[in-house]
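Chain and residue survey
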Amino acid sequence: MSNTPFPTDILIVDLDGTLLRSDMLYESFWSALGQDWRSPFRTAAALTGGKAAMKQYLSQTAGVDVTTLPYDDEVIAYVQARRAEGVRTALVTATDQSLADEIGQHLDIFDEVHGSDGKTNLKGAAKAQFLKETFKGSRFAYMGDSVADLPVWQAADLAIPVNISDALQTKVDGLGVEVEALTTTAQSLKPYLKALRPHQWLKNVLVFLPMLTAHQLTGATLMQSFAAFIAFSLIASSVYVLNDLLDLRVDRLHPRKCNRPFASGSIKIAHGTGMAGGLLLVGAGLSLALGGAFALTMLVYYLATLAYSITLKRRAVVDICVLAGLYTMRIIAGGVATGLELSVWLLAFSIFFFFSMAAIKRQAELVDMAERGKLDVSGRGYTVKDLEIISMMSLGAGYVSVLVMALYVNSPGVVELYATPAALWGICFVLLYWISRIVMITHRGHMDDDPVLFAAKDRNSRICALVIFACAAIGAVI
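Quick word on the sheet that holds strand E3 (residues 112–116)
Strand order in this open sheet of six strands is E3-E2-E1-E4-E5-E6, and the pairing throughout is parallel. The open sheet has two edge strands with one neighbour each: E3 and strand E6 (178–179). When strand E5 (residues 158–161) meets E6, the two strands line up parallel, connected through two bridges. Within the sheet, the bridge partner assigned to Leu158 lies in E6 and is Glu178.

Encoded structure:
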């Protein structure tokens, strides 16, 4: 930093997008929705009293943990340096006063804190007028980040724009005040791609299973299955974004999930809100192109995932059943898209197998909690004491799925599809081994949060998958 004395008496700092790599209005909204699905309706009712009244309502109901928010460390360091020089510092924000006070107390770098009071929304021209009246006779610098801050910068003696676009920078330069631009983060599309979780699209290959198990490998069924895969991936990504927005508080307490784009502040929550809606609209449009039945299937899937994200994931055992059902819905969607009749054996196998995978996911979380000395999984309906039962559920459901596979191999319909049904017994043995091994790995604390993605990266699991495909191919052609 420069050794030149700071040119003003007071440094005034904005909160959203400046001191904080987030927006407290969106933080409060998604936190409230995560706790109560009725909150959007109550928020809308509060909005009738004005934006400041709505913010006051959200601040009282959201339960935001200000200690875990994604603050900009460089901005904090800048404020601390100016304060050490004897400059008076103030946090002035459109966020409700109660939340602003909590943040001010937590950071302890401001001499005073001012926020919206339930009647006046301290933003734009209203903030500029407030600063003129409050700091009349004093020279002040203002740190902000948005177009709404232009009236404030114009009233300031020093404008300090933080991480703004070139277009906005041009407008600030034209205000006729001294400017000291500050850049603390680099713009990148990587966080946006990461938020879509493209690695999770691996699960959506299940839509191809009806085509493969029915041995209907035609150009038409392939194109229909591929279109279903794209539609499912778009809608699933919409759900992932929505889930991350609802889980902000929980993710920030997790050692790995705290690095997710929204939890870490790499992406503005306002952008995430638009992403969730945009992905859903595009996915819905493609779903309608595949027919009303497929669109209805996707609607059921979306509503189920929405219910899961808002409330069902906090209900023990129910969450595991829902996850197993969501996996199976991918298979159902593949059948609906291609018009192929689904095998009862395939659906039964899917339910038990993916129940096992969902239970393993919870088992991995509980093992992680036990190792970290925590008694319960934040945001879930489990405690570490449930670990033994969850482990039994993982093994039990997995072994039942192998039993279903074994019964299928002996069913009359297999003879019509496979030249050598006996070769399919190899699949049963591989699955028996793989499920036992994956539960053992989880028990030892070496499992990632999602066993399906773990399998995709695990060399041993990939070999098992190749053996399974080989057994199926041998049974079909020999």
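Picking up where we left off.
Let's talk about the packing of helix H14 (residues 269–289) against helix H15 (residues 292–310)
One can describe the packing of H14 onto H15 by two numbers: an axis separation of 8 Å at closest approach and a directional angle of 150 degrees. Of the two possible hands of crossing, H14 and H15 adopt the one that is right-handed. Across the interface between the two elements, Leu280, Ser287 and Leu288 from H14 touch Phe294, Ala295, Met298 and Tyr302 from H15. For the contact of H14 with H15, the per-class residue count stands at six nonpolar, one polar and no charged.

Some details on the environment of Ile12
Inspection of the secondary structure puts Ile12 in strand E1 (residues 10–13). Owing to a relative accessible area of 0%, Ile12 belongs among the buried residues under this scheme. The spacing of Ile12 and Ala214 is 202 residues in sequence and 67 Å in space, taken between C-alpha atoms. Sequence-distant contacts of Ile12, defined by excluding residues within four places in its chain, comprise Ala90, Val92, Leu131, Phe135, Phe140, Ala141, Tyr142 and Met143.

Re the state of the cysteines
In total, this model carries zero disulfides according to the counting rule given. Among the cysteines around Cys428, which has no disulfide bond, Cys471 carries the closest sulfur, lying 9.4 Å off.

Conventions we followed
- Residues numbered from 1 in each chain as written.
- Predicted model: local features only at pLDDT ≥ 70, side-chain atom pairs only at ≥ 80, totals over all residues.
- Heavy atoms only, no water.
- Pairing = 2+ DSSP bridges.
- Helix = DSSP H or I, 4+ residues; strand = E, 2+ residues; numbered from the N terminus.
- Axes fitted to C-alpha atoms, helices over the stretch in contact; angles between N-to-C directions.
- Left-handed = near helix turned anticlockwise from the far one by under 90°.
- Contact = heavy atoms within 4.5 Å.
- Nonpolar A, V, L, I, M, F, W, Y, C, P; charged D, E, K, R; others polar.
- Buried < 20%, exposed > 50% of the residue type's maximum accessible area, 1.4 Å probe, protein only.
- Disulfide = S-S within 2.5 Å.

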